[in-house]
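Descriptive analysis of the structure
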Amino acid sequence: MQRAIALATENVLSGAGGPFGAVVVRNGAIVATGVNLVTSTNDPTAHAEIMAIRAACKALGDFRLAGCVVYTSCEPCPMCLAALYWSRCDAIFYGNSAADASAAGFDDSLLYAEVSRPIDQRRIPMKRLLAGQAMESFNTWRARVDKIEY
């Protein structure tokens, strides 16, 4: 956790991005780290946890982080939390809370509220198109015998 916090502070001082750092650990050894690079890369998905997940998966040669724990300087936002669940890591430890982040200008409450709303009541309009055609890709997936299951 101390390394994640140090990465977050170093990231602010370097001007590379926001005050967020993350560390992926397996068997007591650091596999990968990540810092928030949203503003320096113009990538809204370049959060510390996402960057650490990407680096760890590359280092391990696997899209799963089973057997790994993640230390992050702040409670993960909804995007990062979802990515951490998809990674199948074993545990998540965090320093600052979502309320602390909000007080520092990083408020995710809108995202939490939007996810819980019915699709037709969300701020960004969403409309389903070509559902029948879209099903083709799922049918192709189901029929494939050599697929790698998630």
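Everything in this summary refers to the structure shown in the same document. What you are looking at is a predicted structure, and each value in this text was computed from that prediction instead of being measured.

So, how was this worked out
Residues numbered from 1 in each chain as written. Predicted model: local features only at pLDDT ≥ 70, side-chain atom pairs only at ≥ 80, totals over all residues. Heavy atoms only, no water. Helix = DSSP H or I, 4+ residues; strand = E, 2+ residues; numbered from the N terminus. Buried < 20%, exposed > 50% of the residue type's maximum accessible area, 1.4 Å probe, protein only. Pairing = 2+ DSSP bridges. Axes fitted to C-alpha atoms, helices over the stretch in contact; angles between N-to-C directions.

1. What about unusual backbone geometry?
A positive phi angle, close to 55 degrees, is found at Asn42, a residue other than glycine. Secondary-structure assignment places Asn42 in the loop between helix 2 (38-41) and helix 3 (48-60). Using a relative accessible area of 70% as the deciding quantity, one classes Asn42 as exposed. Here the phi dihedral of Arg88 falls at roughly 65 degrees; this positive angle occurs in a residue that is not glycine. Structurally, Arg88 can be placed in the loop between helix 4 (78-87) and strand 4 (91-96). For Arg88, a relative accessible area of 32% translates into the label partly exposed.

2. Brief notes about the sheet that holds strand 3 (residues 68-74)
Strands sit in the order 2-1-3-4 across an open sheet of 4 strands; the sheet is mixed. The sheet terminates laterally at strand 2 (29-35) and strand 4, the two strands that pair on one side only. For this sheet, the mean inter-axis angle between neighbouring strands, taken without regard to orientation, is 15 degrees. Direction of pairing for strand 3 relative to strand 4: parallel, over a ladder of 5 bridges. From the neighbouring strand, Cys74 faces strand 4, where its bridge partner is Asn96.

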